[in-house]
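# Coordinate analysis (summary)
Here is what each chain is made of, one letter per residue.
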Amino acid sequence: MSAPSRSHFTLAGCRLGAKMALPVFPGYIVFAMAFGTAASQKGLPLTQAMGLSGFVYAGASQMVSLGMWQVSWTLSTLLTLMAVTAVVNARMILLGAALQPWLAKEPLWRSAINLFLVTEATWLIGTHYHQEGGRDVGVLFGLSVLLWIVWFVATVAGYFAGALVPAPERFGLDLVMPVFFGSMLVPLWKGAKPALPWLVAGAVALLVHAFVPGYLYLILGAVSGVIAGMLIE
């Protein structure tokens, strides 16, 4: 039977979305546990680690925020953290805009939940389903909610695992973040030309970091990479 042309929402779609989330579990669990472990070693209370995974829910910006975390906060450091998080998560604006035709007729509260829970993985799976003719928004909802739960639970598990190790540097656990991000770059390689924005972003970040104190290098590096990508395209 052909899929209905109009968007709709069903519980059957939620169950289908939950099943479609299963292949993503390993990546989510490893990344969330890595964050939980790093948060524990950084000295964050469990409630703060849970809050970051529950409300920020963005692995890259959570890791960046962890590197900037302060014992005592000032207004300037807080504003810097907010700015860096906004820059790192700016890609979500494009993902949300791409989902707008699918969610246009949805109730506002359900669209808000779907857009809050959107990640690269949920967007990719949901968009593929939509392009194949699927119109049940419950698929995106079930997929997103289940992966959020997995992310949250895995963060807690990683936190307690990290708390069991009193000297993380003896076991190399202090390298969790750089090693993880390094490994994430490998499958993203698409050749020399698409890598040029990365090179520009890295060079600008290193240059700014060498001469300007604070975390401005993250913002300028990201923005310069985006501009370079636009010019290359």
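Everything discussed here concerns the structure shown above.
First, a word on what this report is: a plain description of the structure on this page. (Residues numbered from 1 in each chain as written. Predicted model: local features only at pLDDT ≥ 70, side-chain atom pairs only at ≥ 80, totals over all residues. Heavy atoms only, no water.)

## Side note on the overall build of the chain
For clarity, the cut-off: Under the scheme used here, helices are H or I runs from DSSP no shorter than 4 residues and strands are E runs no shorter than 2 residues, and both carry numbers assigned from the N terminus. Working definition: with a 1.4 Å probe on protein chains only, accessible area under 20% of the residue-type maximum means buried, over 50% means exposed, and in between means partly exposed. By definition, residues are in contact when any of their heavy atoms lie within 4.5 Å. To measure how exposed things are, a 1.4 Å probe is used in the Shrake-Rupley method; for residues, cover is taken only from the protein chains shown.
The helix and strand tally for the chain stands at twelve helices and zero strands. The helix and strand sequence of the chain, counted from the amino end, reads α-α-α-α-α-α-α-α-α-α-α-α. For the chain, the residues scored as buried account for 38% of the 233 residues in total. When contacts within the chain are restricted to residue pairs at least 6 apart in sequence, long-range pairs at least 24 apart make up 78% of them. Split by element, the accessible area of the chain, about 13,400 Å² in all, is 74% carbon and sulfur.

## Regarding the nonpolar core
For clarity, the threshold we go by: The term nonpolar core refers to a set of buried residues drawn from Ala, Val, Leu, Ile, Met, Phe, Trp, Tyr and Cys, joined through side-chain atoms within 4.5 Å.
Counting residues in each nonpolar core, the largest one holds 34 residues, and the members touching the most others are Tyr28 and Leu147. It is helix 9 (residues 137-163) that provides the largest number of residues to this core, a total of nine residues. Beyond its immediate chain neighbours, meaning those up to four positions away, Leu147 contacts Ala21, Val24, Phe25, Tyr28, Tyr57 and Thr122.

## Section: the environment of Ile227
By secondary structure assignment, the location of Ile227 is in helix 12 (residues 216-232). Through-space distance from the C-alpha of Ile227 to that of Pro197 is 8.0 Å; in sequence the pair is 30 residues apart.

## Digging into the packing of aromatic side chains
The cut-off we apply is this: Aromatic pairs are defined between Phe, Tyr and Trp rings, using the six-membered ring for Trp, whenever the two ring centres lie within 6.5 Å; interplanar angles under 30 degrees are classed as stacked, those over 60 as edge-to-face, and all others as tilted. Both a distance and an angle decide whether a charge sits over a ring: NZ of Lys or CZ of Arg must be within 6 Å of the ring centre and within 35 degrees of the ring normal.
Following the criterion strictly, the structure yields eight aromatic pairs and no others. Residues Tyr28 and Trp151 carry aromatic rings whose centres are separated by 5.7 Å and whose planes lie at 80° to one another, so their mutual orientation is edge-to-face. You can see Tyr28 sitting in helix 2 (residues 25-42) and its partner Trp151 sitting in helix 9, a full 123 residues away along the chain. Judged by relative accessible area, Trp151 falls into the buried class, the value being 5%. Aromatic pair Tyr159 and Phe160: ring centres 5.9 Å apart, planes at 90°, arrangement edge-to-face. Judged by relative accessible area, Phe160 falls into the partly exposed class, the value being 45%. Among the aromatic residues, those joined into a ring-pair cluster are Tyr28, Phe31, Tyr57 and Trp151. Lying over the aromatic face of Phe9, Arg110 brings its terminal NZ or CZ to 3.9 Å of the ring centre.

## A few points about the pattern of salt bridges
So the rule is basically this: In what follows, salt bridge is the name for a side-chain nitrogen of Lys or Arg lying within 4 Å of a carboxyl oxygen of Asp or Glu.
One pass over the structure, following the stated rule, counts one salt bridge. Ionic pairing is found between Glu106 and Arg110, a salt bridge with its closest N-O pair at 2.6 Å. Taken individually, Glu106 and Arg110 each receive the classification buried, so the pair is uniform in this respect.

## What about the packing of helix 6 (residues 91-103) against helix 7 (residues 108-116)?
As a reminder, the rule being used: Angular values range over 0 to 180 degrees, each being the angle between N-to-C directions of two axes fitted as lines to C-alpha atoms, with helices fitted over their stretch in contact. If you view the pair so one helix is near and one far, a crossing is left-handed when the near helix is turned anticlockwise from the far one by less than a right angle, and right-handed when it is turned clockwise.
Where helix 6 meets helix 7, the closest approach of the two axes is 11 Å, and the angle between their N-to-C directions is 150°. Here helix 6 runs over helix 7; the crossing is right-handed. On helix 7, the residues touching Gly96, Leu99 and Leu103 of helix 6 are Ser111, Asn114 and Leu115.

## Observations concerning the side chain of Ser40
Considering the arrangement of structural elements, one finds Ser40 in helix 2. The residues touching Ser40, leaving out its near neighbours within four places in the chain, are Tyr159, Gly162 and Ala163.

## Concerning the environment of Arg6
Examined against the element boundaries, Arg6 turns out to sit in the segment before helix 1 (11-21). Take Arg6: its relative accessible area is 63%, and that puts it in the exposed class. Along the primary structure Arg6 and Gly134 are separated by 128 residues, whereas in three dimensions their C-alpha atoms are 9.4 Å apart.

## Quick word on helix 8 (residues 120-131)
Inclusion rule: Expected helix span is taken as 1.5 Å per residue step, with the number of steps being one fewer than the number of residues.
Over its twelve residues, helix 8 extends 16 Å from the first C-alpha to the last, a length consistent with the 16 Å expected when each residue adds 1.5 Å. All of the buried residues along helix 8 are Ala121, Thr122, Ile125, Gly126, Thr127 and Tyr129. Where helix 8 is buried, its residues meet helix 1, helix 2, helix 6 and helix 9. A positive phi of about 110° marks Gly133, the residue just after helix 8.

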